[in-house]
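# Report on the structure
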Amino acid sequence: MKITRIRVPEFRALKNIDITFEPDFTPNIFPLASLNGGGKSTLLQLVFILLKSLDANSEKKNIKYIENLFDFFSYPIIVQGSRVIAQLNIEDELVEYDMEFTFHVGKSIKSEDGNYLKFSPTHYYEYDFSIFQQKIEIQNKIDKTLQLKEKKIQEQENLKSAMLSNPIDIKNINKHLNKLITEQTEILLKENVLRQKLYEQKDVLIIAYFSKDDFLNILTCKLSIKSKTPKSININIDDSLGKIAKNIFLTMPSTQPILFLDRHQKEMLFQDRFDEYQLSLKEAKKYLQGFFTYSFLPVNLIQSFFDKVFNLDIQQAIETKGEYGNQYKQLIEQMNCVLENKIVNISPDRKTINFEMEDENGNTRKLYPEDLSHGELKRLSIYLWLKYYDIKDAVVLMDEIEIAFHPDWQYQIIRDLQEWGASNQYILATHSYELCQALTPAHVKEISPNLLPSQENES
């Protein structure tokens, strides 16, 4: 999978962005350069969340991160309007996808008879988007009713005598709950009809929706799919988009304010509450598969990786009736190669990681955390992330990859990425001249001009 073009008319610091990534370039690694504040990190996070949102099976898990990303559209900046957020072109095997993401803000107003008037405004005026407001409201009613039922049940359990309980309360609540569920079922049927009609007539998918300050927010994607060959290809939309969502990855420093966290979580960075902020990141990684931060050594990732290779070796021993595999040995050798002159080990119970260093006389000594540089730990973290999750044929977005690397390693990281995952496309937000110089000038994509020294200055 490869992104071939990104266009963003306007989003936060980004304006009139139009970047092409040549799919036939070797290596398929593109530094994304700009001055500070140019919007590199914003662009990577925007692309990541938009493509993650395409997975229909994870809409409920991802919705809060979509909502947080678009918190920028505070009212009344874009009251009751529609705005194209981004246009993305993607190639995946023999198929090309052209996606236009549009964000809509409007109101669904109730008439005197209790029925909803149409959601307005939107690009698709002939369709009634108010069904999504109704769905949100009915779910809120169901949630409140379930909470009330739980409260009543707890009250009855706390009564000393069952004779004092009032089962009629529970019966009435269940009756009301069943009525709400019936209404919800009817709304879901109408929603499915609307979704199908929009796609059949307009090639438009409803990606996400949420309510904020009495306004309904809807994210849509106008989707165009075509074959790269003369032959027609049968495509299952949900499966194809789910595959794209699965094959987009983002890694960045944990100290970078992350736009898809909520405002309260981001403010923890400036309130001496970094531990709480780290918990927010941990939760985001749980729900947004493919999100990783490389500011610290992921000991749990190393442990999981060792468990994985141990199991593979044992599995081979079972299948061959006694011949253990060499996955563990290979992993140790590869990790030691990444660390160059240092050796990584794991305790027999696989709960503790330790490092050693061999001197000129062949003697080894134990290393402590302070003996390992930030750059060494970061390089190891990137390697582990790509290898443990077996990231292949994917788009990998990497922010500030050069931080903590010596200029030689900034240059070297291009070769590392080729070695660790050559089938991937990498888009690297960077300020590093050394990293850019490891590729051809055509590989380097700029948001803001004049980052790279001109040839006139070099001569």
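The coordinates are above.
Source: prediction; values computed, not measured.

## Quick look at the overall build of the protein chain
When helices and strands are tallied, the protein chain shows 13 helices and 15 strands. When the 459 residues of the protein chain are sorted by exposure, 46% land in the buried category. Accessible surface computed for the protein chain: about 24,500 Å², of which carbon and sulfur atoms make up 48%.

## Notes on the layout of surface pockets
There is about 890 Å³ of room inside the largest pocket. For the lining of the largest pocket, the secondary-structure elements that each account for two or more residues are α2 (59-69), α5 (237-246), α7 (274-287), β9 (291-293), α8 (299-320) and α10 (374-388). Taken together, the residues that form the lining of the largest pocket break down as 15 nonpolar, 13 polar and nine charged.

## Topic: the sheet that holds strand β14 (residues 425-430)
The six strands lie next to each other as β9-β8-β13-β14-β3-β15, forming an open sheet whose pairing is parallel. A strand with exactly one partner marks an edge of an open sheet, and here the two such strands are β9 and β15 (445-446). Alignment of strand β3 (residues 29-33) against β15, held across two bridges, turns out to be parallel. Bridge pairing links L32 to K445 in β15.

## Observations concerning the nonpolar core
The biggest cluster of nonpolar side chains holds 64 residues, and the ones touching the most others in it are L51, M99 and F291. The element that contributes the greatest number of residues to this core is helix α1 (residues 40-52), accounting for eight residues. Residue contacts for M99: discarding those within four places in its chain leaves L51, L54, A86, Q87, L88, I90, C221, K222, L223, L241 and I244. Core analysis: the second largest hydrophobic core is formed by 42 residues, I346, I353, I391 and F405 among them.

## Observations concerning the side chain of E191
The topology assignment puts E191 in helix α4 (residues 167-202). Polar side-chain contacts of E191 include one of 2.8 Å to the side chain of R195. Those residues in contact with E191 that lie beyond four places of it in its chain are I131, F132, K135 and Y209.

## Thoughts on the sheet that holds strand β1 (residues 2-11)
Strand order in the open sheet formed by six strands is β2-β1-β4-β5-β7-β6, with antiparallel pairing between adjacent strands. The outermost strands of the open sheet, each flanked by one partner alone, are β2 (14-20) and β6 (204-212). Pairwise comparison of adjacent strand axes, ignoring direction, gives a mean angle of 15° for this sheet. Strand direction decides the pairing type here: β6 and strand β7 (residues 215-227), joined by eight bridges, are antiparallel. Paired with A208 across the two strands is L219, which belongs to β7. Sitting on the sheet, α1 touches β1, β2, β4 (81-92), β5 (95-106) and β7, and the angle it makes with β1 is about 110°. Most of the contacts of α5 go to β5, to which it runs at about 90°, and overall it touches β4, β5, β6 and β7.

## With respect to the pattern of salt bridges
The tally for this structure, following the rule as stated, stands at twelve salt bridges. The partner of K445 in a salt bridge is E22, and the shortest N-O contact between them spans 2.9 Å. With K445 in strand β15 and E22 in the loop between β2 and β3, this pair connects stretches of sequence that are 423 residues apart. For E22, a relative accessible area of 21% puts it in the partly exposed group.

About the criteria used
Residues numbered from 1 in each chain as written. Predicted model: local features only at pLDDT ≥ 70, side-chain atom pairs only at ≥ 80, totals over all residues. Heavy atoms only, no water. Helix = DSSP H or I, 4+ residues; strand = E, 2+ residues; numbered from the N terminus. Buried < 20%, exposed > 50% of the residue type's maximum accessible area, 1.4 Å probe, protein only. Areas by Shrake-Rupley, 256 points an atom, 1.4 Å probe, with all protein chains shown as cover. 1 Å grid on protein atoms, 1.4 Å probe; cavity = no way out; pocket = protein on both sides within 12 Å on 5 of 7 lines; lining within 4 Å. Points joined across faces, edges and corners; volume = space filled by probe spheres on them. Nonpolar A, V, L, I, M, F, W, Y, C, P; charged D, E, K, R; others polar. Pairing = 2+ DSSP bridges. Core = buried A, V, L, I, M, F, W, Y, C linked by side-chain atoms within 4.5 Å. Contact = heavy atoms within 4.5 Å. Polar contact = N/O pair within 3.5 Å; in protein donor to acceptor, adjacent residues only side chain to side chain. Axes fitted to C-alpha atoms, helices over the stretch in contact; angles between N-to-C directions. Salt bridge = Lys/Arg side-chain N within 4 Å of Asp/Glu carboxyl O.

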